[in-house]
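Here are the chains, one letter per residue:
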Amino acid sequence: MRLLSRLGGLRVVVGVLTAISALQLALITIGNITDYDTNYAFVQHVFAMDTTFKSPHLMWRAITSPGLVTTAYVLIIAWEGLAAIALIAAVVAWIRGSEAAKRLSSLGWLMEAMLFGGGFIAIGGEYFQMWQSSKWNGLSAALQNVIIASVGLILANLVASRGRERAGDLEVDDSRAA
């Protein structure tokens, strides 16, 4: 019974969610490297705003420079890879029972939320008007990643706060002894 209780505990849950997120981001990174052209086309079309409503009041935002698009895409892949590495390191730390696990998980999930929330939803979705495109609209996938990262961040920080609460329970209050 004690084993089942531990397996369902918050630390194990966060560790498993960290592993799932690490796997997903690693696969996304590998996919963007091995299927470079397909995913490059996505970034290229979003930046070019060529499948939006083409409002003359917004088209000044479009970026069609292959150099800028390539730079942005390489930075996206690098960011995904670094987030995956942070989460993989967190999985190792969770397995070892290291205190660094919570911080590494939080770092990886924060990086994921920044990329998909800030990069894809805010910049891609609003600045480049990706929401207007029926073909090159990645908002749903981005939102899924933001939700996963947000839940992970909340749970990781619950582990941290519960650990402090438990540590506080063990402290002796000497002020009452007098």
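Structure first, text after, so check above.
This report concerns the structure included in the present document. Not measured: the values here are computed from a predicted model. (Residues numbered from 1 in each chain as written. Predicted model: local features only at pLDDT ≥ 70, side-chain atom pairs only at ≥ 80, totals over all residues. Heavy atoms only, no water.)

### Details of the overall build of the protein
From N to C terminus, the protein includes 6 helices and 0 strands. Starting at the N terminus, the α and β elements of the protein follow one another as α-α-α-α-α-α. Every one of the 178 residues in the protein was classed for burial, and the buried ones make up 38%. Within the protein, residue pairs in contact and separated by at least 24 positions form 74% of the contacts whose partners lie at least 6 positions apart. (Helix = DSSP H or I, 4+ residues; strand = E, 2+ residues; numbered from the N terminus. Buried < 20%, exposed > 50% of the residue type's maximum accessible area, 1.4 Å probe, protein only. Contact = heavy atoms within 4.5 Å.)

### Considerations on the side chain of Thr52
Considering the arrangement of structural elements, one finds Thr52 in the loop between helix H3 (36–48) and helix H4 (66–96). Polar contacts involving the side chain of Thr52 include one to the main-chain carbonyl oxygen of Met49, which spans 2.9 Å. The contact partners of Thr52, leaving out residues within four places of it in the chain, are Met59, Phe128, Gln129 and Gln132. (Polar contact = N/O pair within 3.5 Å; in protein donor to acceptor, adjacent residues only side chain to side chain.)

### So, the packing of H4 against helix H5 (residues 100–127)
Following both chains from N to C, one finds H4 and H5 inclined at 155 degrees, their axes separated by 7 Å at the closest point. Between H4 and H5, the angle is such that the two are roughly antiparallel. For the crossing formed where H4 meets H5, the hand is left-handed. Residue classes in the contact of H4 with H5 are distributed as 20 nonpolar, 2 polar and 2 charged. (Axes fitted to C-alpha atoms, helices over the stretch in contact; angles between N-to-C directions. Parallel < 35°, antiparallel > 145°, perpendicular 65-115°, else oblique. Left-handed = near helix turned anticlockwise from the far one by under 90°. Nonpolar A, V, L, I, M, F, W, Y, C, P; charged D, E, K, R; others polar.)

### Things to note about the pattern of salt bridges
As enumerated under the stated definition, the model contains 1 salt bridge in all. In this structure, Glu99 and Lys102 form a salt bridge, with 2.9 Å as the shortest nitrogen-oxygen distance. (Salt bridge = Lys/Arg side-chain N within 4 Å of Asp/Glu carboxyl O.)

### What to know about the packing of aromatic side chains
Scanning the entire structure with this criterion turns up 9 aromatic pairs. Ring centres 6.0 Å apart and planes at 65 degrees place the aromatic pair Phe42 and Trp136 in the edge-to-face group. Within this pair, whereas Phe42 is found in helix H3, its partner Trp136 is found in the loop between H5 and helix H6 (139–170), the two being separated by 94 residues in sequence. Measuring from centroid to centroid gives 4.7 Å for Phe47 and Phe128, while their planes differ by 15 degrees, and the two rings are stacked. Here the residue Phe47 occupies a position in helix H3, and Phe128 occupies one in the loop between H5 and H6, the gap between them amounting to 81 residues. Cation over ring: Arg61 sits above Tyr127, and NZ or CZ is 5.0 Å from the ring centre. (Phe/Tyr/Trp six-rings, centres within 6.5 Å; stacked < 30°, edge-to-face > 60°. Lys NZ or Arg CZ within 6 Å of the ring centre and 35° of its normal.)

### Here we look at the environment of Ile148
Tracing the sequence through the fold places Ile148 in helix H6. In this structure the C-alpha to C-alpha distance between Ile148 and Ile20, which are 128 residues apart in sequence, comes to 9.9 Å.

### Some points on a nonpolar patch on the surface
There is a patch of nonpolar side chains on the surface, built from Leu7, Val12, Val16 and Ile20 and spanning about 340 Å² of accessible area. The element that contributes the greatest number of residues to the nonpolar patch is helix H2 (residues 10–34), accounting for 3 residues. Along the chain, Leu7 turns up in helix H1 (residues 2–7). (Patch = residues over 30% accessible without salt bridge, like charges linked within 9 Å, V, L, I, M, F, W, Y side chains within 5 Å. Areas by Shrake-Rupley, 256 points an atom, 1.4 Å probe, with all protein chains shown as cover.)

### Regarding H2
A rise of 1.5 Å per residue sets the reference length of H2, with its 25 residues, at 36 Å; its end C-alpha atoms lie 36 Å apart and thus fit the reference within 8%. The set of residues buried in H2 consists of Val14, Gly15, Leu17, Thr18, Ser21, Ala22, Leu25, Ala26, Thr29 and Asn32. (Expected span 1.5 Å × (residues − 1).)

### Regarding unusual backbone geometry
Residues other than glycine predominantly adopt negative phi, and peptide bonds predominantly adopt the trans conformation. Even without being glycine, Met49 reaches a positive phi, approximately 55 degrees. If you trace the backbone, Met49 turns up in the loop between H3 and H4. For Met49, a relative accessible area of 2% translates into the label buried. The backbone of Lys54 sits at a positive phi, close to 60 degrees, despite the residue not being glycine. Among the structural elements, Lys54 can be located in the loop between H3 and H4.

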